[in-house]
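Results of the structural survey
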Amino acid sequence: AQSVSQHNHHVILSEAASLELGCNYSYGGTVNLFWYVQYPGQHLQLLLKYFSGDPLVKGIKGFEAEFIKSKFSFNLRKPSVQWSDTAEYFCAVRSNSNSGYALNFGKGTSLLVTP
Amino acid sequence: NAGVTQTPKFRVLKTGQSMTLLCAQDMNHEYMYWYRQDPGMGLRLIHYSVGEGTTAKGEVPDGYNVSRLKKQNFLLGLESAAPSQTSVYFCASGEGGLQPQHFGDGTRLSIL
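**Some remarks on the nonpolar core**
- The biggest cluster of nonpolar side chains holds 29 residues, and the ones touching the most others in it are A:Leu33, A:Trp35, A:Leu47, A:Leu48, A:Phe74, A:Leu76 and A:Tyr89.
- Beyond its immediate stretch of four places on either side in the chain, A:Leu47 contacts A:Trp35, A:Tyr36, A:Val37, A:Gly59, A:Ile60, A:Phe63, A:Leu76 and A:Tyr89.
- Of all hydrophobic cores here, the second largest spans 19 residues; its members include A:Tyr36, A:Phe105, B:Tyr35 and B:Tyr48.

So, in structure tokens, the structure goes:
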């Protein structure tokens, strides 16, 4: 079955620490990959997306993600986190078989950054 | 530019009551979606629409109905609310193709 897996459900980091959140998917064929962020009490906002080309994608707020096709992975990274990065992060995948260009989301990773 | 607007933002219902959640977008998007978000479950697709007058089932459609009578509006209905439908509901819209989806602020629904 098609699925999106986020390995870490809860992550706690100190400010200035480096971040890497894992995302793996089980879809075959062409995929579009996304990371969304949800700050407390807010709606989902797009951090970055990958459709084709350079597998290293840079997004907003210093985030980047690397698409590794052979590993079916799209991990999110940030070299130095800030307190304001405290949020929930969702990986999402859209494959050619998704009707209506719908997204399949992972279960999310809750990130807490402590001062 | 309002983007995607959901009403209401909060609602408490009793089991068996019915209600309609409204989603409106002003970006002229063809595609609209309703998701529910539950703790530890991420977002799951309830129904979606690929254009005015069309709707289709998503991953968790049971207990919900939708309508897309106008391109800018996508309504989600609960005919007979159940406690299992307590959730946060998000509407999204998009142009399809290679474009990402834009999300509304959510509706927090509690069913007692």
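**Structural notes on the pattern of salt bridges**
All names here are of chain B.
- Inspection of every chain in the model, using the stated rule, returns seven salt bridges over all chains.
- Here Asp38 ties to Arg36 by a salt bridge, and the two come within 2.9 Å at their closest N and O atoms.
- Among the residues examined, Asp38 registers a relative accessible area of 11% and is labelled buried.
- A residue is classified by how much of its surface remains accessible, and Arg36, at 9% relative accessible area, is buried.

**Digging into the sheet that holds strand S7 (residues 64-67) of chain B**
All names here are of chain B.
- If you walk across this open sheet you meet the four strands as S1-S3-S8-S7, and the pairing is antiparallel. Of all strands in the sheet, those with a lone pairing partner are strand S1 (4-7) and S7, marking the two edges. Ignoring strand direction, the axes of neighbouring strands in this sheet form an average angle of 20 degrees.

**A few points about the side chain of A:Thr109**
Residues and elements named next belong to chain A.
- In this fold, Thr109 is placed in strand S12 (residues 109-114).
- A distance of 3.3 Å separates the side chain of Thr109 from the side chain of Gln6, its partner in a polar contact.
- A distance of 2.4 Å separates a polar side-chain atom of Thr109 from the backbone oxygen of Asn8.
- Leave out the neighbours within four places in its chain, and Thr109 touches Gln6, Asn8, His9, Val11, Leu21, Ala87, Glu88 and Tyr89.

**Quick word on the layout of surface pockets**
- Of the volumes computed, that of the largest pocket is approximately 540 Å³.
- Taken together, 29 residues make up the lining of the largest pocket; nearest its centre are A:Gln38, A:Gly41, B:Gln37, B:Val88 and B:Arg108.
- Elements represented by at least two residues in the lining of the largest pocket include exactly strand S10 (87-95) and S12 of chain A together with strand S4 (31-38), strand S9 (87-94) and strand S11 (107-111) of chain B.
- Ranked by the residues each element gives to the lining of the largest pocket, the list is headed by S10(A), at three residues.
- Taken together, the residues of the lining of the largest pocket break down into 10 nonpolar, 13 polar and six charged.
- The calculated volume of the second largest pocket comes to roughly 440 Å³.
- Only strand S1 (4-6) and strand S11 (104-105) of chain A together with strand S5 (42-49) of chain B provide two or more residues apiece to the lining of the second largest pocket.
- For the lining of the second largest pocket, the per-class residue count stands at nine nonpolar, 10 polar and four charged.

Rules behind the numbers
Residues numbered from 1 in each chain as written. Chains lettered and ligands numbered in written order. Predicted model: local features only at pLDDT ≥ 70, side-chain atom pairs only at ≥ 80, totals over all residues. Heavy atoms only, no water. Core = buried A, V, L, I, M, F, W, Y, C linked by side-chain atoms within 4.5 Å. Buried < 20%, exposed > 50% of the residue type's maximum accessible area, 1.4 Å probe, protein only. Contact = heavy atoms within 4.5 Å. Salt bridge = Lys/Arg side-chain N within 4 Å of Asp/Glu carboxyl O. Pairing = 2+ DSSP bridges. Helix = DSSP H or I, 4+ residues; strand = E, 2+ residues; numbered from the N terminus. Axes fitted to C-alpha atoms, helices over the stretch in contact; angles between N-to-C directions. Polar contact = N/O pair within 3.5 Å; in protein donor to acceptor, adjacent residues only side chain to side chain. 1 Å grid on protein atoms, 1.4 Å probe; cavity = no way out; pocket = protein on both sides within 12 Å on 5 of 7 lines; lining within 4 Å. Points joined across faces, edges and corners; volume = space filled by probe spheres on them. Nonpolar A, V, L, I, M, F, W, Y, C, P; charged D, E, K, R; others polar.

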